[in-house]
Amino acid sequence: MSSLTFHDVSVVKGEAAILSGISIALSERRVAIIGRNGSGKSTFARLFNGIETPSRGEIHIDGVAGSRTLRRNVGFVFQNPDNQIVYPIVGEDIEFGLKNLKLPPAEREKRIVAILDQLSLHHLRDQMTHKLSGGEKQLIALAGVLVMQPKWIVMDEPTTLLDHWNKNRFMRILNSLRQNVIMVSHDHDLLSGFDRVLHIDNGKLVDDGVPATVIPSYLKRSKC
């Protein structure tokens, strides 16, 4: 079982404290992050794979610290897949990260075929990425992360730009993944089956528990 641990982590930018003194250990299969806009939750999410780095404190994955270790073991799916898709052809885009790993062509092909099969996306391999629907783009962005075989996947509002049908499709795929998943979301109806919910407010972890407890508490606070 993989674990992610924050030890007194803070993020300061200029004079502003974005996150303050977060200490937490995560090993659950599905973890959600909720909070108001501007609460620091996206910065918190980006710490998990080294996109953001702490101003103070350390983040460990399986007992090992360092941004390089986090990037190697934690994948990240952005809210807008256009910020993640690099190449004009689907197959080339999925292969991009594997080339950076300097894997031989046969291994790259094996991984690409496997991930396209897992997500039922073989029919898109030779398609132009700019012609894909929003739902297809988000799945290709996910495929580009999964093909790297991370232990954890962090998702920052991955369903915001999706219609109802594609949102449900994306969540079915998410629930089938073997990796641990951390997801930032304002769509609380999607989180009822998660193992744990973290509520970030004013840069601090203010609540932590199961969805049935944390989400109603957050909604009550929001009305105050």
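Since the model is a prediction, treat every value here as computed from it, not as a measurement.

Quick notes on the sheet that holds strand β10 (residues 204–209)
Then step 1. Strand order across the open sheet formed by six strands is β6-β7-β8-β3-β9-β10, with mixed pairing between neighbours. Edge positions in the sheet fall to β6 (74–77) and β10, since each of these pairs with one other strand and no more. For this sheet, the mean inter-axis angle between neighbouring strands, taken without regard to orientation, is 20°.
Then step 2. Pairing analysis gives five bridges linking strand β9 (residues 196–201) to β10, with the strands arranged antiparallel. When the sheet's bridge partners are listed, His199 is paired in β10 with Asp207.
Then step 3. Packing of helix α5 (residues 134–146) onto the sheet brings it into contact with β6 and β7 (152–156), and relative to β6 it is tilted by some 170°.

Let's talk about the layout of surface pockets
Then step 1. Put simply, the largest pocket is a space of about 630 Å³.
Then step 2. Lining the largest pocket are 24 residues, with Gln84, Gly97, Gly144, Val145 and Met148 positioned closest to its centre.
Then step 3. Elements with a minimum of two residues in the lining of the largest pocket: α2 (67–73), β6, α3 (90–100) and α5.
Then step 4. Ranked by the residues each element gives to the lining of the largest pocket, the list is headed by α3, at five residues.
Then step 5. Looking at the lining of the largest pocket residue by residue, the classes come out as 14 nonpolar, seven polar and three charged.

Points about the sheet that holds strand β4 (residues 56–61)
Then step 1. Taken in spatial order, the four strands make up an open sheet running β2-β1-β4-β5, and their pairing is antiparallel. The two strands at the open ends of the sheet, each matched to only one other strand, are β2 (16–26) and β5 (64–65).

So, the side chain of His199
Then step 1. Tracing the sequence through the fold places His199 in strand β9.
Then step 2. By relative accessible area, which is 3% here, His199 ends up buried.
Then step 3. If near-sequence neighbours (up to four positions away) are discounted, His199 is found in contact with Ile34, Gly35, Lys204, Leu205, Val206, Asp207, Val214, Tyr218 and Arg221.

Looking at a nonpolar patch on the surface
Then step 1. On the surface, Val86, Tyr87 and Phe96 cluster together to form a nonpolar patch covering roughly 250 Å² of accessible area.
Then step 2. Inspection of the secondary structure puts Tyr87 in the loop between β6 and α3.

Thoughts on helix α7 (residues 211–223)
Then step 1. Here α7 spans 18 Å end to end across 13 residues, near enough to the 18 Å set by a 1.5 Å rise per residue.
Then step 2. Those residues of α7 hidden inside the fold are in contact with β3 (30–34), β9 and β10.

Section: the packing of aromatic side chains
Then step 1. Following the criterion strictly, the structure yields five aromatic pairs and no others.
Then step 2. Ring plane angle 55° and centroid distance 4.8 Å describe the contact between Phe76 and Phe78, whose orientation is recorded as tilted.
Then step 3. Take Phe76: its relative accessible area is 5%, and that puts it in the buried class.
Then step 4. One aromatic cluster in this structure is built from Phe6, Phe44 and Phe48.

Some thoughts on the packing of α5 against helix α6 (residues 164–176)
Then step 1. As a packed pair, α5 and α6 sit with axes 10 Å apart at the nearest point and diverge in direction by 20°. In terms of their interaxial angle, α5 and α6 are classed as roughly parallel. As for the relative orientation of α5 and α6, their crossing is right-handed in sense. From α5, Gly135, Gln138, Leu139 and Leu142 reach across to α6, where they touch Asn166, Arg169, Phe170 and Ile173.
Then step 2. In the contact of α5 with α6, the residues fall into four nonpolar, three polar and one charged.

Description of α6
One turn of an α-helix holds 3.6 residues; hence residues three or four places apart share an orientation.
Then step 1. Along its 13 residues, α6 runs 19 Å from first to last C-alpha, staying within 8% of the 18 Å computed at 1.5 Å per residue.
Then step 2. Here the buried face of α6 lies against β3, α5, β7 and β8 (180–184).
Then step 3. For α6, the side-chain oxygen to backbone nitrogen distance between the N-cap and Trp165 is 3.3 Å, and the N-cap itself is Asp163.

The rules we used
- Note that residues are indexed from 1 along each chain, following the sequence as it is written.
- At least 70 in pLDDT is required for a residue's local features to be given in this predicted model, at least 80 for side-chain atom pairs to be given and counted, and no such filter applies to totals for whole chains, interfaces and linings, which use all residues.
- Side-chain figures throughout are based on the complete set of non-hydrogen atoms in the structure, without hydrogens or water.
- By the convention used here, strands pair only if DSSP detects at least 2 bridges between them.
- In this description a helix means any DSSP run of H or I spanning at least four residues, a strand means any run of E spanning at least two, and both kinds are numbered starting from the N terminus.
- Between N-to-C directions, angles span 0 to 180 degrees; the directions come from axes that are lines fitted to C-alpha atoms, helices contributing only their stretch in contact.
- What makes two residues a contact is simply this: any of their non-hydrogen atoms within 4.5 Å.
- Each cavity reported here is a set of points on a 1 Å grid over the protein atoms alone in which a 1.4 Å probe fits but cannot get out, each pocket an open set with protein on both sides within 12 Å along at least five of seven lines, and each lining residue one with an atom within 4 Å of a point.
- Grid points are joined across faces, edges and corners, and a volume is the space filled by probe spheres set on the points.
- For this classification, the nonpolar set comprises Ala, Val, Leu, Ile, Met, Phe, Trp, Tyr, Cys and Pro, the charged set comprises Asp, Glu, Lys and Arg, and every other residue, Gly included, is treated as polar.
- Working definition: with a 1.4 Å probe on protein chains only, accessible area under 20% of the residue-type maximum means buried, over 50% means exposed, and in between means partly exposed.
- Patches in this entry comprise residues that are over 30% relatively accessible and not in a salt bridge; like charges within 9 Å are linked, as are nonpolar side chains (Val, Leu, Ile, Met, Phe, Trp, Tyr) within 5 Å.
- All accessible areas in this document rest on Shrake-Rupley with a 1.4 Å probe, and a residue is counted as covered only by the protein chains that are shown.
- What makes a salt bridge here is a side-chain nitrogen of Lys or Arg within 4 Å of a carboxyl oxygen of Asp or Glu, nothing more.
- An expected span of 1.5 Å times one less than the residue number is assigned to each helix.
- Two rings from Phe, Tyr or Trp (for Trp, the six-membered ring) form a pair when their centres sit within 6.5 Å of each other. Planes less than 30 degrees apart are called stacked, planes more than 60 degrees apart edge-to-face, and all others tilted.
- By definition in this entry, angles of less than 35 degrees are roughly parallel, angles greater than 145 are roughly antiparallel, angles of 65 to 115 are roughly perpendicular, and the rest are oblique.
- The crossing is said to be left-handed when, going from far helix to near helix, the turn is anticlockwise and less than a right angle, and right-handed when the turn is clockwise.
- Residues adjacent in sequence count toward polar contacts only when both atoms are side-chain atoms; beyond that, a polar contact is any pair of N or O atoms within 3.5 Å, and within protein one must be able to donate a hydrogen and the other to accept it.

Worth remembering: the numbers are spatial, not functional.
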